[in-house]
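Architecture at a glance
Here are the chains, one letter per residue:
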Amino acid sequence: MPHTSRTSRPKRQTQKRTQVTDDDGWTHVASGGNVRRVMRTRPRGTTAIKESESGIFSGQPEEPTLTPAEAPGRLTLSELQAQFQTHRERWEGSESWTRLTGVLDERLKRAQEQASSSGADPTSSALARCPVDAIVCIGLGSPSGFLRDGWVDRRSVSLYQLAALASIKDQVACTTSSNVKVYAQDPVFNALDESLLAALNITVIKHPEAFSHITANTMLFCPGAERKHLELLLPSKPWLLFGGPLEHADSGGVLQGYVDGAGSYSLPVFEALEHAFWNMRLYWVEEVGRE
């Protein structure tokens, strides 16, 4: 009896998963084009990329090395500014910013009313007129350059986050009629990044200078800050914080202690680049003490 030919079923291939640790304190796990974001628990500078057929990741930690990001050789400041403007227009046209600016405006005005009703002389202190004495940005990343020796490209993330910082800066200035100083600290900033920030009236400072600028009247802008830095920054109880999420990060620890004394607003999904503001929140300390 002749053998009949049968089409053999193709063997199902084991799908590789890649875990990439970016420069802002998070790990991206990619599988079939999908990426999810989980909080990193090891120090910055450890093994950046690991692959495994079985899904079990391995690798030995490396010493952290943070150097200025490498920008494309032909990129000019004017081109970088044009890229930033495009990202800012998309950000400010999004529902994420529309909702955030409404909540931020409400919190700023309420704080001003609270300061006025407390009997403070509005001519005696800048803090009585403006509830934010400075905005400090930690861990923005490089808007122009590649990280991890060219392995990680998160320029769009940094540009969108910088757009958010610039928008918040202008919002605070408009609502409070004051010029708020803005500082940014990240060792990966290169010369182009610093020029872009300077054009936006944002002062670049070196580690660990940012820690000395945090007070109870500071807004901390930290979408890329690592947990170890937040544990040093949050005991100062900055009145406003944009970043996170901080919930359930360390039950009974510094982060949870800050959350327990703060209100928060969860940012809607940013459709243009979801993971640029993944699960981020605006936090505010409920009771703001004024000296």
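One can find the structure itself at the top, above this paragraph.
Residues numbered from 1 in each chain as written. Predicted model: local features only at pLDDT ≥ 70, side-chain atom pairs only at ≥ 80, totals over all residues. Heavy atoms only, no water.

Let's talk about the overall build of the chain
Threshold: Note on conventions: DSSP H or I runs of at least 4 residues are helices, E runs of at least 2 residues are strands, and numbering of each starts at the N terminus. The classification of residues rests on relative accessible area computed with a 1.4 Å probe and restricted to protein chains. Under 20% of the type maximum is buried, over 50% is exposed, and intermediate values are partly exposed. The contact definition used throughout considers only heavy atoms, calling two residues in contact when any of these lie within 4.5 Å. Per-residue accessibility takes into account occlusion by the displayed protein chains alone, with areas from the Shrake-Rupley method and a 1.4 Å probe.
From N to C terminus, the chain includes seven helices and 11 strands. With 291 residues in all, the chain has 48% of them scored as buried. Here the analysis covers contacts within the chain between residues at least 6 apart in sequence; of these, 62% occur between residues at least 24 apart. Accessible surface, the chain as shown: approximately 15,300 Å² in total, 49% of it carbon and sulfur.

A few points about the nonpolar core
Note the cut-off: Take the buried Ala, Val, Leu, Ile, Met, Phe, Trp, Tyr and Cys residues and link them wherever side-chain atoms come within 4.5 Å; each set so joined is a nonpolar core.
Of all hydrophobic cores here, the largest spans 68 residues; its most connected members are W91, I135, L220 and F277. If we skip the residues at most four places from it in the chain, F277 touches W91, Y160, Q161, A164, F242, L267 and F270.

A short note on the pairing of strand β9 (residues 240-243)
The condition that has to hold: We treat two strands as partners when DSSP finds at least two bridges between them. Crossover handedness is defined by viewing with both strands directed away from the observer: a clockwise path from the first strand over the helix to the second marks the crossover as right-handed.
Burial along β9 is two-sided: L240 and F242 facing one way and L241 and G243 facing the other are all buried. Two strands pair when backbone bridges link them, and strand β8 (residues 218-222) and β9 are joined in this way by four bridges, in the parallel orientation. What sits directly across from F221, in β9, is F242. Since β8 and β9 lie parallel, the crossover through helix α6 (residues 227-233) that links them has a hand, and here it is right-handed. With four bridges connecting them, β9 and strand β11 (residues 281-285) associate as antiparallel partners. Within β11, the residue paired with L241 across the bridge is Y283.

Details of the sheet that holds strand β10 (residues 262-266)
Convention followed: Axis angles are defined between N-to-C directions and span 0 to 180 degrees, where every axis is a line fitted to C-alpha atoms and, for a helix, only to the segment in contact.
Taken together, the seven strands give an open sheet; going across it, the order is β7-β6-β5-β8-β9-β11-β10, and neighbouring strands pair in mixed fashion. Here the strands that pair on one side only, and so sit at the sheet edges, are β7 (203-204) and β10. Against the sheet, helix α2 (residues 95-117) engages β9, β10 and β11, with an angle of about 5° to β11.

Remarks on the pairing of β11
Counting buried positions along β11 gives four out of five residues, so the element sits mostly inside the fold. Examined bridge by bridge, β10 and β11 share five bridges and lie antiparallel to one another. Among the inter-strand pairings, S266 is bridged to a residue of β11, identified as R281.

A look at the pattern of salt bridges
Side chains bearing opposite charge may pair, as long as their charged atoms lie close to each other. In plain terms, the rule: Each reported salt bridge corresponds to a side-chain nitrogen of Lys or Arg within 4 Å of a carboxyl oxygen of Asp or Glu.
Using the criterion set out here, one finds 11 salt bridges in the structure. For E95, the salt bridge identified is with R99, shortest N-O distance 2.9 Å. Pair noted here: E95 and R99 are both in helix α2, with a separation of four residues, about one helical turn. Overall, E95 belongs to the partly exposed group, its relative accessible area being 45%. Overall, the relative accessible area of 44% leaves R99 in the partly exposed class. A salt bridge links K169 to D170; the shortest N-O distance between them is 3.6 Å. Since its relative accessible area comes to 16%, K169 is described here as buried. Judged by relative accessible area, D170 falls into the partly exposed class, the value being 34%.

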